[in-house]
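Here is what each chain is made of, one letter per residue.
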Amino acid sequence: MSITNYDYIIVGAGAAGLNLALNLKTDAYFKDKHLLIIDKLQKKDNDRTWSFWEKGRGKWDHLLHKSWNKGVVKAKGKTLKLDLKKYNYKTLRSSEFYAYAKEVLSQPTVTWITDEVLDIQSLDNGAVLQTKTKKYTADYIFDSRIPSNYVLEDIQYLNIAQHFKGWVIETETPVFDDSQFTMMDYSLKDGKSTSFTYILPYSPTQALIEFTYFSPDVVSENTYDLFLKKYIKEHLQIDHYEVIETEKGIIPMTSFPFASFSEEHIIKIGTAGGWVKASSGYSFKNCERKSKQIVEALKLNQNLNVDSAHFKYKHYDEIFLEVLTKENHFGEELFYRMYKNNSIQTIFRFLDEESSFGEDLQIILNLTSAPFIKGFIRHLKSRLKT
Ligand SMILES: Cc1cc2nc3c(=O)[nH]c(=O)nc-3n(C[C@H](O)[C@H](O)[C@H](O)COP(=O)(O)OP(=O)(O)OC[C@H]3O[C@@H](n4cnc5c(N)ncnc54)[C@H](O)[C@@H]3O)c2cc1C
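Source: prediction; values computed, not measured. (Residues numbered from 1 in each chain as written. Predicted model: local features only at pLDDT ≥ 70, side-chain atom pairs only at ≥ 80, totals over all residues.)

Let us now look at helix α3 (residues 221–235). Taking 1.5 Å per residue, 15 residues should reach 21 Å; α3 reaches 21 Å between its end C-alpha atoms and fits that length. When α3 is considered as a whole, its buried residues turn out to be Tyr224, Phe227, Leu228, Tyr231 and Ile232. Along the axis of α3, the buried residues cluster in a sector spanning 125 degrees; they form a single face. When the buried face of α3 is taken as reference, the exposed residues oriented beyond 90 degrees from it are Asn222, Lys229, Lys233 and Glu234. In this fold, the buried residues of α3 make contact with β12 (159–170), β14 (195–203) and β15 (206–215). (Helix = DSSP H or I, 4+ residues; strand = E, 2+ residues; numbered from the N terminus. Expected span 1.5 Å × (residues − 1). Buried ≥ 20, exposed ≤ 12 C-beta atoms within 10 Å, placed from the backbone. Arc of directions from axis to C-beta. Contact = placed C-beta atoms within 7 Å.)

In the neighbourhood of the ligand, 30 residues make up the surrounding shell, with Gly12, Gly14, Ala16, Gly249 and Gly270 lying closest. Elements with a minimum of two residues in the shell around the ligand: α1 (15–25), β2 (35–39), β3 (49–55), β16 (242–254) and α4 (284–300). Here the shell around the ligand is composed, by residue class, of 14 nonpolar, nine polar and seven charged. Taken together, domain 1 (3–48 + 94–150 + 256–300) and domain 2 (159–253) each give at least three residues to the shell around the ligand, which thus spans both. (Near = placed C-beta within 6 Å. Nonpolar A, V, L, I, M, F, W, Y, C, P; charged D, E, K, R; others polar. Domains from an automatic or database assignment.)

What follows covers the environment of Gln345. Mapped onto the elements, Gln345 comes out in helix α7 (residues 344–351). Residue Gln345 is classed as partly exposed on the basis of its 18 C-beta neighbours within 10 Å. The sequence separation of Gln345 and Lys55 amounts to 290 residues, and the corresponding C-alpha distance is 9.6 Å. Excluding residues that lie within four positions of it along the chain, Gln345 makes contacts with Lys85 and Tyr87.

Our focus in this paragraph is the packing of α7 against helix α8 (residues 357–367). It is the contact of α7 with α8, at a shortest axis distance of 10 Å, that shows an interaxial angle of 110 degrees. Judged by the inter-axis angle, α7 sits roughly perpendicular to α8. Counting all contacts with α7, which are made through Thr346, Arg349 and Phe350, the residues of α8 involved are Glu359, Asp360, Gln362 and Ile363. Residue classes in the contact of α7 with α8 are distributed as two nonpolar, two polar and three charged. (Axes fitted to C-alpha atoms, helices over the stretch in contact; angles between N-to-C directions. Parallel < 35°, antiparallel > 145°, perpendicular 65-115°, else oblique.)

The phi dihedral of Lys43 falls on the positive side, at around 55 degrees, and the residue is not glycine. Given 22 C-beta atoms within 10 Å, Lys43 falls into the buried group. Unusually for a residue other than glycine, Gln237 sits at a positive phi of about 55 degrees. Take Gln237: it is sitting in the loop between α3 and β16.

Keep in mind that these numbers describe shape and distance, not what the molecule does.
Structure (structure tokens):
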């Protein structure tokens with residue numbers, strides 16, 4: 001069997017893999033480097049709708065589907081208005097992102113393959129990869145496959161998931177206020193779980209509506225459908241609509257040590273590299289930030305494992321996970337307190353891991369409650385044990 005050699009191989013043409021590939025191959029420093037991108041799928045469909053916030057203009061503005069400067073959180077029977085000021089909440093359809101990346105990366109030094117990766121092993125000065133049909137070697141392999149050791153049911157770690165199903169619906173008459181998005185609406189919940197509806201109104205007649213859980217157990221497809229139908233009928237009071245697109249997802253919110261699966265020449269990226277913010281489930285902006293850091297580290301011959309979140313944020317994330325894992329019923333109150341007592345700008349800075357110690361303290365004090373204190377104590381005890 002012949003073996004083909006590349007400088008770099010990226011496994012997975014998703015948010016992380018393509019952000020990394022774009023950063024590499026639009027940098028003159030890497031212009032002669034040969035890159036192989038392998039994905040088991042063709043990556044043509046809109047399999048995800050990515051949303052993120054950022055101040056002012058951003059790298060993906062030319063591809064955006066929609067952006068908002070105002071939002072709402074509905075919890076505890078109240079409507080909290082979010083005035084994003086300098087921030088915008090932006091939405092990007094993955095199909096647009098894939099098509100753009102394919103166009104920019106259609107270069108003689110970039111090879112694309114559709115195949116399934118079965119195994120990757122370290123070599124002395126690189127790594128070797130086995131697909132269903134062939135072997136490839138490279139100096140570095142960037143791998144977005146989630147380690148098989150990660151399972152939601154593993155009680156060794158704090159483990160919940162952001163799991164959801166969403167419908168893009170189209171109505172005949174204008175019903176949506178497309179000037180604001182709904183971050184969380186707790187007016188319809190599945191029992192006492194942390195479950196809510198998320199709405200991105202694209203136009204007065206079209207919106208993405210997702211029934212979402214932050215919880216330890218996933219539910220059947222039928223359950224999401226029932227809640228979506230109920231919310232649309234009873235809360236939005238829409239009787240006639242057409243479902244024009246569906247999306248589903250299970251995003252890990254966990255203390256599982258993804259980054260520890262990286263080796264010197266095999267670097268885990270994306271969800272598989274621990275790039276999902278454990279307390280929020282967001283990761284698209286992290287794919288942008290961390291792939292840039294990898295490219296800079298490659299140039300300087302530095303450590304490529306960029307899981308270097310400040311220790312304080314790891315602790316904050318774990319306290320959030322402690323509360324949501326052990327006292328899932330408290331989610332609505334937790335997020336209500338967070339959005340009611342802090343400006344959305346402070347919350348964004350906190351989630352972006354850019355907040356000052358004063359802002360952290362303000363958020364933590366505003367969340368102080370019996371479940372939060374218990375979560376904090378459990379976290380302290382678990383840290384003291386390790
Ligand atoms: C439906 C959905 C919506 C989301 N929305 C948001 C959002 O709004 N904002 C946000 O910040 N985050 C969001 N996320 C979370 C996160 O940003 C995405 O999951 C993001 O796509 C993660 O990037 P990734 O590159 O790690 O994984 P992916 O984008 O899933 O890419 C991994 C790629 O690896 C390929 N692959 C896997 N195994 C193999 C193999 N053995 N061989 C070859 N190829 C393989 C897959 O086909 C896939 O293309 C969402 C997630 C989902 C599922």
